[in-house]
Each structure stands twice: as structure tokens, then as C-alpha cells.
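Notes for the structure review
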Amino acid sequence: MEYIIKGRKPEAFFRYFEEISAIPRESYHEEKIADYLVNFAKERGLEYYRDEAQNVLIKKPATKGQEHKPTVLFQAHTDMVCEKEPDVEHDFSRDPLDLYIDGKFLRARGTTLGADDGMGVATMLALLDGMVKEHPAYECLFTATEEPGLVGSLKFDYSRISARKMLNLDCGQTTLVLACCAGGMCSDITLPLQTESFEGEAIHICISGLMGGHAGVDINKGRTNANKLMGRLLAALVQTCDARVISLDGGAKEGAIARDCNMYLAVPDSKAATDILTALYKGIEKELSSDDKNCVITVNKVEPFENMTSRDTTIRICGILAGTPNGAFAMNHEMTYLVDYSRNLGVTYTKDNSITFVFYCHALKESQLDANTCELNAIAAMAGASIRHYNRYPGWAFSKDSAIRDAYLNACQDIVGKSGPVVGVHAGLECGVICAAIPGMDAVSVGPNMANGHSPQECLDLDSCEVFCRIIERMLEII
């Protein structure tokens, strides 16, 4: 393949990042990237293990004279959030990412970049390929299906891991160190649709151009959720006219703040409904943050549909869509910058004569995850809908003492003259799963600089990648 990143070090890091960017790796479909990793290990004579969940473990022995040092576990996930701009034609199951360099940043045209967590995967491949000449033993765990709820890591056999020091490579700021994270869970509320014929007109409401972002990290940044905004529009119409939902589809991934949403409605008078929505949006537009300045809401009259939902069903849809609390609910008492508990309505879709609402909850405490379960159960019961909870995973508690964290901070100081801060993150990291499975694991989460994950604006700071790899090399010297 032809590489676009040239003249930058470490060459192996950038080469591998480009190679994996050409491999489709959507969540639940990591077979091809797992094949690539297995072939990589075979070609270098490295010990490897691949499980049915497409997790891959590759081990590399210590170099001569380094055998006395503790084995280090490096870990990153192979899947990526597959988001694209509405007007971009890209099949994530088949097409390579279209990478380009924008100044000092690497981006993908019209899609997510996959730096989350391609930067971690590329780091481990470079390490396994000899980026650091003298090193302790490595265990490199490439986990699958992280984005929907740490699915792959929950299925791995951790008896295969001997290391008790771990670097998770899923943090997006070089000198910043993550030392604790939220747990999480997914929930689907599915409402059956009672349909009937209805004399009237039909309209299509489209919300697009919102910034979106990570359902945990960005949940308190004031960005608008397209699904929730559509609920607000629907609530206004339901209260002023006999509106009937025909279909609802919004968002792309449960772990991303929805950037777009489409709803087809039957209404008695399309012009009157359009006037109501236009007036409403004039007020909403003033509320939007600067991140959402490109938001567009269009209302178009369309051909009438034969069937639509009953009035009662439309009210139930409105109750779930507009009435379910969304966003950041509580802040942490000790780390006051950190969100403690949140919920994101990431996806809505119409299928098989029902509408499903997909929620992703992040919470630092198990009691908050329990509360989320009870709250959504109550909402589903009131709406006469079914509910399913899945992919629950634990948080990662802060540890006051950490040798691996100290080693990384000291390496940062040596390489760039500064280190820290040490913080928590309101997002799920596989550190929680792995530390729960391996008692005594000393872990930290680190990585080069990236921004706008889970959105087509995602970018990777190329300069920081070299700095990060130098920090890792120094850390391995002093550990």
C-alpha cells in the first residue's frame, strides 16, 4: 500500500496506523483485524492466542539482560466507532478509511478516524516489532468490541495473563494520566406500534449538523442530542395537533451523542405543523452551543402513508423520547470536574413494527448503575414497552499508590519536562474489567493527543505520537 505519513518517527507506529486504517473494524466485526494480528504474530514467530470473541493476545519475551524486570501488559481495543457525515458515501464493512494530513493532524475524510483506539493498536504493533531495542517481556492484549460496552474484554480468559503492571492505551492526551473510570451499561426500550389509517398529510422532519461526540467524555459539554431534540419537536406537535408518528430513526452508535435524526409524521395540516416547528426552532437555535452552530432542521411535505401509529402509541413514543432524562445527572464529590452519573439516548430506530430506544449509561458507582436500571424499568413500564439491559461492566477505582503510574509520570518529566495531571474519566475503560479479573493489577491509561472521538471531526496530533512513543521507551527503561 502507499503510505501518506512520511518522514515521521517512529516510522513503525505510523506505518501500522495506516495499515490498520485500511482494515474494516466495526464493533462486532473484527474478524479481519484479528486475522491481521495473527498473521503479524506468525510472521515474527511470536506466541499468540485468539479467542472466539476476536480478542488477540501476543507475547514477546524480554531482551537479553531485561529478564529481571516485571512483565508489562499493554492493552488497546481493535474496534472503532463508525460515524460519517450524512452526505459521505462510505461502507465501514468494506471501505478503507480515507486518511489525510491537515497541518499537524491526521484526519479521515467525512468519517471517524479510528484513532480511538487505533493509536493504541499501532503502539503495540510497533513495540512488538522492535521499536524499543531493550525491553522487559511484553503481553499485548488486543480486545474486540469495546465501544458498545467492553464486550470483548468481558469474554477474555485472563488466566493467560501473567503481568501485574498494565498500560491501557486508550487515553487521548500525552502527559495526562487516567487513573480511574466509570462503569457502564446499555439498555434497549422497545415499544410495539399500534397502527391505523389516518386522513391527513405527511411531513418529514430532519435534524442534522450537530457536533455529537463521546457519550461519556462529552456528555457535560452542552452538545445537543438529535434524538432528544426530536422529542422536543414531537412534544410540541402532539400538544397542538393530532400528530401521528410513522417512523423514527436517529443516531448511529449507542456510545455517541446523536448528531442526526429523522422522523416521518402524519398531521392534519402540513403547513400548520411546519409553522409550529419553524417558530419553535427560532428559540431553540439561540440555545445551541457553538459546537452545534451547523445544526439544520428541515421540514418537508411528503406523500401520505397508508398507515401510521395510533394517537395513544404516538403519545407513548413522545413520553419515552421527550420524557426520559438525558445528559449529566451528578458530579463527583472528590474530583469536582468529573461527571459521576449520566445517560445518553444514542440510537432510535423503527423495525418490525416497533420503535427501539437505545440508551448508554455511564456511572462511577455500582449503585448508580442500579438506579439507571430501575429508572428505565419504570419508564418502560409506564409506556407499555419491553426493556433489555446488557453489556454491563464495572468501573475502575482510583488507587493511591501505583508504581506503573509513577514510572510513566517520571518518564513524562524526563522527556517533555512536565507530567500529569492524574485524573479520572467519565467513560468506560477496559481497566475496570481487567483489574476486576486480575486482583493486584497495577494499571494506568495513557496515549498520544487526539480530539473529537466518536465523530467525523476526530483527529490525531502527529507530533504527539512521537513524543508518546519516546515516553513509553523511557518508562520501560526506568520501570
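1. Some details on the overall build of the chain
- Of regular secondary structure, the chain possesses 11 helices and 24 strands.
- Relative to a compact globule of 479 residues, whose C-alpha radius of gyration would be 23 Å, the chain shows 24 Å and is just as compact.
- In terms of principal-axis extent, the alpha carbons of the chain reach across some 80 × 50 × 40 Å.
- Burial analysis of the chain (479 residues in total) assigns 59% to the buried set.
- A separation threshold of at least 6 residues defines the contact pool for the chain, and within that pool the share at least 24 residues apart is 79%.
- One way to put it: in the chain the 47 positive side-chain charges average out to a point 4 Å from where the 66 negative ones average out.

2. Examining the packing of helix α1 (residues 11-21) against helix α3 (residues 115-128)
- In the contact formed by α1 and α3, the axes pass within 8 Å of each other and the chain directions differ by 130 degrees. Compared by their axis directions, α1 and α3 come out oblique. With respect to the hand of their crossing, α1 and α3 are arranged in right-handed fashion. Residues Ala12, Phe13, Tyr16, Phe17 and Ile20 of α1 pack against Ala115, Gly118, Met119, Val121, Ala122, Thr123, Leu125 and Ala126 of α3.

3. Remarks on the nonpolar core
- Formed by 64 residues in total, the largest nonpolar core has its most connected members in Phe74, Phe142, Leu167 and Tyr408.
- No other element matches the 9 residues that α3 contributes to this core.
- Once residues within four sequence positions are removed from consideration, Tyr408 is found in contact with Leu167, Thr174, Val177, Val446, Phe468, Ile471, Ile472 and Met475.
- By size, the runner-up hydrophobic cluster in this structure holds 44 residues, among which are Ile207, Leu248, Val267 and Ile355.

4. Looking at helix α5 (residues 226-240)
- Here α5 spans 22 Å end to end across 15 residues, near enough to the 21 Å set by a 1.5 Å rise per residue.
- Counted residue by residue, α5 has 11 buried out of 15 residues, so it is predominantly covered.
- Of all the residues in α5, the buried ones are Ala226, Asn227, Lys228, Leu229, Met230, Gly231, Leu233, Leu234, Ala235, Leu237 and Val238.
- Near the N-terminus of α5, the side chain that reaches the backbone nitrogen of Asn227, with its oxygen 2.8 Å away, is that of Asn225.

5. Here's the deal with the state of the cysteines
- Here the structure, examined in full by the defined rule, presents 0 disulfides.
- We note that Cys186 lacks a disulfide partner, and the nearest cysteine sulfur, in Cys361, lies 9.6 Å from it.
- Left unpaired, Cys459 is separated from the closest cysteine sulfur, that of Cys465, by 11 Å.
- Of the residues examined, Cys459 reaches a relative accessible area of 6% and is grouped as buried.

6. Quick notes on the packing of aromatic side chains
- Within this structure, the stated rule accounts for 8 aromatic pairs.
- Residues Phe156 and Tyr158 carry aromatic rings whose centres are separated by 5.1 Å and whose planes lie at 70 degrees to one another, so their mutual orientation is edge-to-face.
- According to the relative accessible area criterion, Phe156 is buried, its value standing at 6%.
- Note on Tyr158: relative accessible area 10%, which makes it buried.
- Over the face of the ring belonging to Tyr49 we find Arg160, whose NZ or CZ atom lies 3.5 Å from the ring centre.
- Lying over the aromatic face of Tyr390, Arg388 brings its terminal NZ or CZ to 3.9 Å of the ring centre.

7. Some words on the environment of Glu89
- Along the polypeptide, Glu89 turns up in the loop between β3 (72-77) and β4 (99-102).
- For the pair Glu89 and Phe142, spaced 53 residues apart in sequence, the C-alpha separation works out to 29 Å.

8. A word on unusual backbone geometry
- With omega at -5 degrees, the peptide bond leading from Lys9 into Pro10 counts as cis.
- Mapping Pro10 onto the fold places it in the segment before α1.
- Of the consecutive residues Asp116 and Asp117, the connecting peptide bond is found in the cis state with omega at 5 degrees.
- Looking at the secondary structure, you find Asp117 in helix α3.

9. Side note on the pattern of salt bridges
- This structure, assessed with the given rule, holds 34 salt bridges.
- The partner of Glu139 in a salt bridge is Lys59, and the shortest N-O contact between them spans 3.4 Å. Taken together, the positions of Glu139 in strand β6 (residues 138-143) and Lys59 in strand β2 (residues 56-60) put the pair 80 residues apart, joining distant regions of the chain. By the burial criterion, Glu139 is buried, and Lys59 matches it.
- One salt bridge in this structure joins Asp242 and Arg311, with 3.7 Å as the shortest N-O distance. With Asp242 in the loop between α5 and β12 (244-250) and Arg311 in helix α7 (residues 311-323), the pair connects residues that are 69 residues apart, well separated along the chain.
- Here the salt bridges do not stand alone but share partners, grouping Glu11, Arg15, Glu43, Arg44 and Asp129 into one network.

Definitions and limits used
Counting from 1, residues in each chain are numbered in the order their sequence is written. Reporting of local features is limited, given that this is a predicted model, to residues whose pLDDT is at least 70; pairs of side-chain atoms are given and counted only at 80 or more, and all residues count toward the totals for whole chains, interfaces and linings. Side-chain measures here rest on the full set of heavy atoms in the structure, leaving out hydrogens and waters. Working definition: helices are DSSP H or I runs of at least four residues, strands are E runs of at least two. Numbering for both runs from the N terminus. The quantity called the radius of gyration is restricted to C-alpha atoms. Its globule counterpart is 2.2 Å times the number of residues to the power 0.38. Exposure classes here rest on a 1.4 Å probe applied to the protein chains alone. A residue is buried below 20% of its type maximum, exposed above 50%, and partly exposed in between. Any two residues whose heavy atoms approach within 4.5 Å at even a single point are treated as in contact. Asp and Glu are treated as the negative residues and Lys and Arg as the positive ones, with His and the ends of the chain left uncounted. Charge positions come from single atoms, namely NZ of Lys, CZ of Arg, CG of Asp or CD of Glu. Between N-to-C directions, angles cover 0 to 180 degrees, with each direction set by a line fitted to C-alpha atoms, over the stretch in contact for helices. Angle categories are assigned with fixed cut-offs, so that under 35 degrees is roughly parallel, over 145 is roughly antiparallel, 65 to 115 is roughly perpendicular, and the rest are oblique. In this scheme the crossing of two helices becomes right-handed for a clockwise turn of the near helix relative to the far one and left-handed for an anticlockwise turn of less than a right angle. Nonpolar cores are built from buried Ala, Val, Leu, Ile, Met, Phe, Trp, Tyr and Cys residues. Side-chain atoms within 4.5 Å join them into one set. The span expected for a helix works out to 1.5 Å for each residue beyond the first. Pairs of N or O atoms are called polar contacts if they sit within 3.5 Å, as long as, within protein, a hydrogen donor faces a hydrogen acceptor (for residues adjacent in sequence, only side-chain-to-side-chain pairs). Count a disulfide wherever a pair of cysteine sulfur atoms falls within 2.5 Å. Stacked, tilted and edge-to-face pairs are distinguished by plane angle, under 30 degrees for stacked and over 60 for edge-to-face with tilted covering the rest, among Phe, Tyr and Trp rings (Trp via its six-membered ring) whose centres lie within 6.5 Å. Here, a charge over a ring is recorded when the distance from Lys NZ or Arg CZ to the ring centre is within 6 Å and its angle to the ring normal is within 35 degrees. The working definition used for a salt bridge is a side-chain nitrogen of Lys or Arg within 4 Å of a carboxyl oxygen of Asp or Glu.

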